[in-house]
Amino acid sequence: MSPLLDIRELVVRHGPRTAVDHVSFTIDPGETLGLIGPSGCGKSSTAMAVLQLRRPDAGEVWFDGQELTALDERRLRPLRPALQPVFQDPYGSLSPRHKISDAIAEPLRVQGSWDRTTGPARVAELLERVGLDPAHGDRRPHELSGGQCQRAGIARALACEPKLLVLDEPVSALDPSLRAGILNLLAELQERLGLGYLFICHDMALVRHFCDRVAEMREGRLVRTTAVTSPSPPR
Amino acid sequence: MSSELPSMDPLLSVRDLRVSFGAVQAVRGLSFDVHEGEVLAVAGESGAGKSLTARALLGMPPRGATVTGSVRLGSDELVGAPRSARTALWGRRVALVPQDALSALSPVHRVADQLAAAVRSVDRTSRKEARARAVAALEEVGIPADQARAYPHEFSGGMRQRAVIAMAMLHQPDLVVADEPTTAQDPQTRRQMLDLLARRTGATGTALVLVTHDLDTAREHADRLLVMYAGRLVEAGPVEEVFARPRAPYTAGLLASVPGEGLGAVTYGAPPRGRGRPQAAGRFPTAPPAERLAERRRLPAIAGAPPAPTDLPPGCAFAPRCPLADATRCRTEQPEPQTHDGRTVACHRWRELPDDPAELFLESL
Ligand code: SF4
């Protein structure tokens, strides 16, 4: 099986500073790679380059058999939906003025795959898949709890039928009693849909619980990759 | 520090504290004591009322809040005291370490000057003497004298936090309340700050109330833990005892839903050595597990979300999320805190909590 994501010798510079320094890793379908390290170590720059929201200065990003770094924006665009981010701040990633159902439908509209007859059912299905009620679709982000909002953000990402999710600290801004539910949802979606996950986090115990492999970054470089052979037991 | 209760009178005594905005009660009858030199963590999620409690302890309730009950600091009653009497305590006997160090410092004055002004606001000393005390206080928290005259924006976030800690400790108050940021902060920085704060308060016998949403913070830094939910006390006791054997289903669920210390990880890929030396592109060995971990990695989880203060369920506020809730008392009657062998719990059914409460929360999946 060829990897879903194959990052080769990635380099990202911010001015004179090298934020990502020859980083290489792969992610298989259905696999979770944890990316861990202190703030400023280059985790987020790596994520932005994987999402092609920031074009890297050198190196290759291969995704699903195609070299993204060799494509211009026009040829990249149809591939973008398959690479979706889920951010830390659940409220910040949804527009405060739009209903949840519109936020979820938006990627479908942008892709031109919105169908007026089947669209609403698709939105309802996505809501259900992330554990929300159809009624939540009529609310606006501030009317939902942080956990519900994060679920809505995940539903929006799923609307694009992604193959890889870049999860940037997806639970660290949530209340503690909501975190396990979101992590369980992500694990379940991965099993059902075979998604690859790049999971950015600074909590080692959490990474070891959630990930198949852990890559540690420091000062822009990958210093160690570790396979997690058994999940950590709950304490 | 000993977890035994000192026999002397408490430094701070809180009884039936209630904080409301109009008809909405956000803190709903909270009672606890803090003794001299003790570190108490008050843990709760958003809407639990922990930050309002912190403000009430300092005699600084937010505008528009009505506070009832009693907050006694030594022989002084803070609830109902005139503002002038409360402000006279600030800095001198009680101090706040706020969530956001930047907002606590004025951007237009040098850090040492701000501390010197804080010295002179309490003690009548010469400018020179105040300046010397400010520089010494900053040195105590690891800010060298030659940097003391910088402006706040010239400091790193960690240095600003340390300056705020130095400011809070200037007059060796009896009580410091630290309100922890709820947003994700670099855990290492946060730990260092709390270590520093605990060390500084420990050195002077100052009591520390640590307001946090994170039970791990409590475990690392506090002697005792008080868990709040929906404006009320759920459970309180010595930290290690609560962690070892929680009595309230809410505490048990929170503890069970956190992944463990992370066993079973092995290194298998040699790290690349030498700056910039190319390794074979993308050729870390792939993960060996033949089967993915996904199927095995469900966490015990608490269903639902905490209620808003405007929308509380009848009976126990945790009942809609509680796997131990019954259909009668839990839904109609609010559990009152009871104390047995140094542990306080507010739950009708705490004696029925199983030995391994994690299982209760796995069933709810
Ligand atoms: S009183 Fe009832 S609902 Fe509340 S925590 Fe105890 S068992 Fe659960």
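Being a predicted model, the structure only gives us computed values, none of them experimental.

About the cut-offs
Residues numbered from 1 in each chain as written. Chains lettered and ligands numbered in written order. Predicted model: local features only at pLDDT ≥ 70, side-chain atom pairs only at ≥ 80, totals over all residues. Heavy atoms only, no water. Buried < 20%, exposed > 50% of the residue type's maximum accessible area, 1.4 Å probe, protein only. Helix = DSSP H or I, 4+ residues; strand = E, 2+ residues; numbered from the N terminus. Pairing = 2+ DSSP bridges. Axes fitted to C-alpha atoms, helices over the stretch in contact; angles between N-to-C directions. Contact = heavy atoms within 4.5 Å. Salt bridge = Lys/Arg side-chain N within 4 Å of Asp/Glu carboxyl O. Near = heavy atom within 4 Å. 1 Å grid on protein atoms, 1.4 Å probe; cavity = no way out; pocket = protein on both sides within 12 Å on 5 of 7 lines; lining within 4 Å. Sits in = over half its atoms within 2 Å of the grid points. Nonpolar A, V, L, I, M, F, W, Y, C, P; charged D, E, K, R; others polar. Disulfide = S-S within 2.5 Å. Domains from an automatic or database assignment. Buried area = accessible area lost by both parts, 1.4 Å probe. Polar contact = N/O pair within 3.5 Å; in protein donor to acceptor, adjacent residues only side chain to side chain.

All names here are of chain B. In terms of burial, strand S3 (residues 39-43) is largely enclosed, as 5 of its 5 residues are buried. Burial along S3 is two-sided: Val39, Ala41 and Ala43 and Leu40 and Val42, pointing in opposite directions, are all buried. Taken together, the 4 bridges between S3 and strand S9 (residues 224-229) define a ladder with parallel strand orientation. In the strand pairing of S9, alanine 41 is matched with leucine 225.

It is worth spelling out the sheet that holds strand S12 (residues 338-340) of chain B at this point. All names here are of chain B. Strand order in the open sheet formed by 8 strands is S6-S7-S8-S3-S9-S10-S13-S12, and the pairing between neighbours is mixed. Both outer strands of the open sheet, strand S6 (94-97) and S12, are each paired with one neighbouring strand and no more. Strand-to-strand twist in this sheet, taken as the mean axis angle between neighbours without regard to direction, amounts to 20 degrees. Those strands touched by helix H10 (residues 249-256) are S9 and strand S10 (232-238), and its axis lies near 105 degrees from that of S9.

On to the pattern of salt bridges. Residues and elements named next belong to chain A. Here the structure, examined in full by the defined rule, presents 34 salt bridges over all chains. Residue arginine 75 pairs with aspartate 72 through a salt bridge whose shortest N-O separation is 3.8 Å. Here lysine 99 makes a salt bridge to aspartate 138, at a shortest N to O gap of 3.9 Å. Residue lysine 99 is located in the loop between strand S6 (83-86) and helix H3 (100-111), and its partner aspartate 138 is located in the loop between helix H4 (119-129) and helix H5 (146-159); the two are separated by 39 residues in the primary sequence. Connected through shared salt-bridge partners, Asp6, Arg8 and Glu60 make up one network.

Residues and elements named next belong to chain B. Around the ligand sit Pro249, Cys316, Phe318, Ala319, Cys322, Leu324, Ala325, Cys330, Pro335, Cys347, His348 and Arg349, and that is every residue in its neighbourhood. Placement of the ligand is best described as lying within the largest cavity. Residue composition of the shell around the ligand, grouped by class: 10 nonpolar, 1 polar and 1 charged.

Residue and element names in this part refer to chain A. Scanning all chains against the criterion turns up 0 disulfides over all chains. Residue cysteine 201 stays outside any disulfide, its sulfur separated by 7.5 Å from that of cysteine 211, the closest cysteine. According to the relative accessible area criterion, cysteine 201 is buried, its value standing at 4%.

All names here are of chain B. Examined at the domain level, chain B breaks down into domain 1 (12-93 + 173-362) and domain 2 (102-172). Facing 13 residues of domain 1, the contacting portion of domain 2 comprises 11 residues. Taking both sides of the interface into account, the surface hidden between domain 1 and domain 2 amounts to around 1,200 Å²; carbon and sulfur atoms contribute 71%. In this assembly, domain 1 and domain 2 are joined by 1 salt bridge. Glutamate 140 is the salt-bridge partner of arginine 200, the closest N and O atoms lying 3.6 Å from each other. Across the contact surface, domain 1 and domain 2 share 0 residue pairs in polar contact (both at pLDDT 80 or more). The element contributing the most residues to the side of domain 1 that touches domain 2 is helix H7 (residues 187-204), with 7 residues. Of the residues assigned to the side of domain 1 that touches domain 2, the class counts are 5 nonpolar, 5 polar and 3 charged.

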